[in-house]
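Letter by letter, the chains look like this.
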Amino acid sequence: MPLLKSMNTIGFAALVLLCTTSGNLNAQLMHNQYPCAECAVGDNNGNDLKGFIIRNKRDLYEKGDNVNAASGNTWGYMQIRSATVPSVNKSGEKKGEMNYAESIMATYALYKSKNGAQATWWARETNNPKGPLTSKMVKEQGDAPEIPIVRYETITNDLTPKAFTIVEYSNNLFNERDYDVLLKNYFLVENGAIKSSDDYKSIISFYNDFLKKFTYVDDPILGKRSFITMHTTPAGNKYIGYFNIVNDKLAGRLEAVNFEYQKDKETLVKKMFAKLTGSMVYVYGDDNFDLEKPIVMYAREHEIKLKRRHTNTTKKFNEDK
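Residues numbered from 1 in each chain as written. Predicted model: local features only at pLDDT ≥ 70, side-chain atom pairs only at ≥ 80, totals over all residues. Heavy atoms only, no water.

Focus on the pairing of strand β13 (residues 305-309)
For a regular strand, the rule is simple: side chains alternate between the two faces of the sheet. Quick note on the threshold: Should DSSP find at least two bridges between two strands, the strands are taken to pair. Put simply, DSSP marks the helices as runs of H or I at least four residues long and the strands as runs of E at least two long, and each gets a number from the N terminus on.
Examined bridge by bridge, strand β12 (residues 280-284) and β13 share 5 bridges and lie parallel to one another. Each bridged residue has a counterpart across the sheet, and for valine 281 the counterpart in β13 is leucine 306.

Here it is as structure tokens:
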């Protein structure tokens, strides 16, 4: 998938290069190592963690409670948003000062568990998409946030035993590698794409059944396999999910589909396969959303092996040699 590049103005009219949409963030590397933690938490003109908490608290609680109730607290629910924050000069006459010309992408995350909500943030050192994760707790300034701020490990450790985590993003500046490292099975979905609380319940049920088709996910035999899943909720809303096995877990995306033209189907198929890494791709579900032809054509042209699986199958994915 091509990377889309845009320019974003932050503070003092500093221009920072942002590269986005694939999750394979091709960021501009910085000389400075760390972002300004105070800026990430609450001093970035509202484009910070506290601002994200204020704007999304009600939505977080409503959807998070839906996910917890529908899954019996066996699924996790997060909301994320990414934004640039100034870095901190590591040397020279201005050592320790904020540098808006060398901004670093930070991720703000909100988590809703059955016991309440928590917020956190993290970034990658020097803005390197593959660099070490970094975060820092700061003393509260001004009004305390409505949701307590914790280190990201506190949240990700709580999510470790979950069967799946839904990660809803408010913008698409995120780095998918973060979630490959931090979470177990997960999918990213645009905030608002899942239409109703009943859809959450139906989606969770569908993917719980999908997980049952694995003897276990951390099987080396699954390493070169990918999965396309199709599900229609009782309300008639259609969702397509596509997954790779990354770090011995399912990592993917979920999208709502509503095709107007044939070219929309072809565009989605190309988008999915651009993300899928397996030489064998399973198409799982009882619907095909009229995508069978473009999927078969793409797979044939790119020498990808396809296998069809319906929801009533008793065969495990691990059993295919």
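Now that the structure has been shown, we can carry on.
Focus: the environment of histidine 310
Note the threshold: Whether a residue is buried, partly exposed or exposed follows from its accessible area with a 1.4 Å probe, protein chains only, as a fraction of its type maximum: under 20%, in between, or over 50%, in that order. In this description, contact between two residues means that some pair of their heavy atoms is separated by no more than 4.5 Å.
Along the chain, the position of histidine 310 falls in the segment after β13. Classification of histidine 310 by relative accessible area gives partly exposed; the value is 38%. Note: C-alpha distance between histidine 310 and tyrosine 284 (26 residues apart in sequence) is 5.7 Å. Here histidine 310 is in contact with Tyr284, Gly285 and Asp286, once residues within four sequence places are set aside.

Some thoughts on the environment of alanine 299
Inspection of the secondary structure puts alanine 299 in helix α7 (residues 292-301). What makes alanine 299 buried here is its relative accessible area of 2%. Through-space distance from the C-alpha of alanine 299 to that of valine 281 is 8.7 Å; in sequence the pair is 18 residues apart. If we ignore the near neighbours within four places in the chain, the residues touching alanine 299 are Ile304 and Leu306.

A closer look at the layout of surface pockets
Our working rule: Put plainly, a pocket is an open set of points on a 1 Å grid over the protein atoms alone with protein on both sides within 12 Å along at least five of seven lines, a cavity is a set where a 1.4 Å probe fits but cannot get out, and a lining residue has an atom within 4 Å of a point. Grid points are joined across faces, edges and corners, and a volume is the space filled by probe spheres set on the points. The classification used treats Ala, Val, Leu, Ile, Met, Phe, Trp, Tyr, Cys and Pro as nonpolar, Asp, Glu, Lys and Arg as charged, and all other residues, Gly among them, as polar.
Quantified by volume, the second largest pocket comes out at close to 220 Å³. Elements with a contribution of two residues or more to the lining of the second largest pocket: β8 (186-190) and β11 (249-257). Of the residues forming the lining of the second largest pocket, the biggest block, 4 residues, is contributed by β11. In terms of residue class, the lining of the second largest pocket is built from 6 nonpolar, 4 polar and 4 charged.

With respect to unusual backbone geometry
Not every positive phi belongs to a glycine, and asparagine 127 is a case in point at roughly 65°. On the secondary structure map, asparagine 127 appears in the loop between β5 (116-124) and β6 (133-134). Taking the relative accessible area as the measure of exposure, asparagine 127 reaches 8% and is therefore buried. A positive phi is found at phenylalanine 289, a non-glycine position, where the angle reads about 55°. When you line up the elements, phenylalanine 289 lands in the loop between β12 and α7.

As for the packing of helix α6 (residues 262-275) against α7
As a reminder of what qualifies: Axis definition: a line fit to C-alpha positions, over the contact stretch in the case of helices; interaxial angles, taken between N-to-C directions, run 0 to 180 degrees. Geometric relationships in this document are graded by angle, where less than 35 degrees denotes roughly parallel, more than 145 denotes roughly antiparallel, 65 to 115 denotes roughly perpendicular, and other angles denote oblique. Two helices crossing with the near one rotated counterclockwise from the far one by less than a right angle form a left-handed crossing, whereas a clockwise rotation gives a right-handed crossing.
It is the contact of α6 with α7, at a shortest axis distance of 9 Å, that shows an interaxial angle of 45°. Relative to α7, α6 is oriented oblique. The two elements α6 and α7 cross, and the hand of that crossing is right-handed. Of the residues in α7, those touching α6 at Glu266, Val269, Lys270 and Phe273 are Pro294, Ile295 and Tyr298. Residues that form the contact of α6 with α7 fall into these classes: 5 nonpolar, no polar and 2 charged.

A short note on the sheet that holds β6
Spatial ordering of the open sheet is given by β6-β5-β4-β3-β7-β8-β11-β10-β9-β12-β13, a layout of 11 strands whose pairing is mixed. Two strands bound the open sheet, and with one partner strand each, they are β6 and β13. Bridge analysis of strand β10 (residues 238-246) against β11 gives 9 bridges, and the strand direction is antiparallel. The partner of tyrosine 242 across the bridge, within β11, is arginine 253. Most of the contacts of α6 go to β10, to which it runs at about 20°, and overall it touches β9 (225-232), β10, β11, β12 and β13. Contacting β9, β12 and β13, α7 crosses the sheet at an angle of about 150° to β13.

Points about the pairing of strand β4 (residues 98-113)
Most of β4 sits out of view: 14 of its 16 residues are buried. Here 11 bridges tie strand β3 (residues 75-88) to β4, and the two strands are oriented antiparallel to one another. Across the sheet, residue alanine 83 finds its bridge partner in β4, namely alanine 106. Where β4 and β5 come together, 8 bridges link them in antiparallel fashion. By the bridge assignment, tyrosine 108 is partnered in β5 with tryptophan 121. Between β4 and β5, which follow one another and run antiparallel, lie 2 residues.

Here we look at the packing of aromatic side chains
To keep it simple, the criterion reads: Classification of ring pairs rests on two measures: the distance between centres of Phe, Tyr or Trp rings, Trp counted by its six-membered ring, which must be within 6.5 Å, and the angle between planes, read as stacked under 30 degrees, edge-to-face over 60 and tilted in between. Counted as over-ring charges are cases with an Arg CZ or a Lys NZ within 6 Å of the ring centre that also lie within 35 degrees of the ring normal.
Taken as a whole, this structure holds 26 aromatic pairs when the rule is applied. On the numbers, 4.8 Å between centres and 55° between planes, the contact of tyrosine 169 with phenylalanine 174 is tilted. Each member of the pair, tyrosine 169 as well as phenylalanine 174, is classed as buried. Aromatic pair phenylalanine 227 and tyrosine 282: ring centres 5.4 Å apart, planes at 10°, arrangement stacked. Taken together, the positions of phenylalanine 227 in strand β9 and tyrosine 282 in strand β12 put the pair 55 residues apart, joining distant regions of the chain. Here the guanidinium or amino end of lysine 263 rests over the ring plane of tyrosine 261, the centre of that ring lying 6.0 Å away.

Here's the deal with the confidence of the model for the protein chain
Where we set the bar: Note: pLDDT gives the predictor's confidence per residue, expressed from 0 to 100.
Looking at the protein chain, pLDDT values average 90 and 90% of them are 70 or higher. When the criterion is pLDDT under 50, residues 1-26 qualifies, and its contacts beyond four places in sequence or with other chains add up to 68 contacts.

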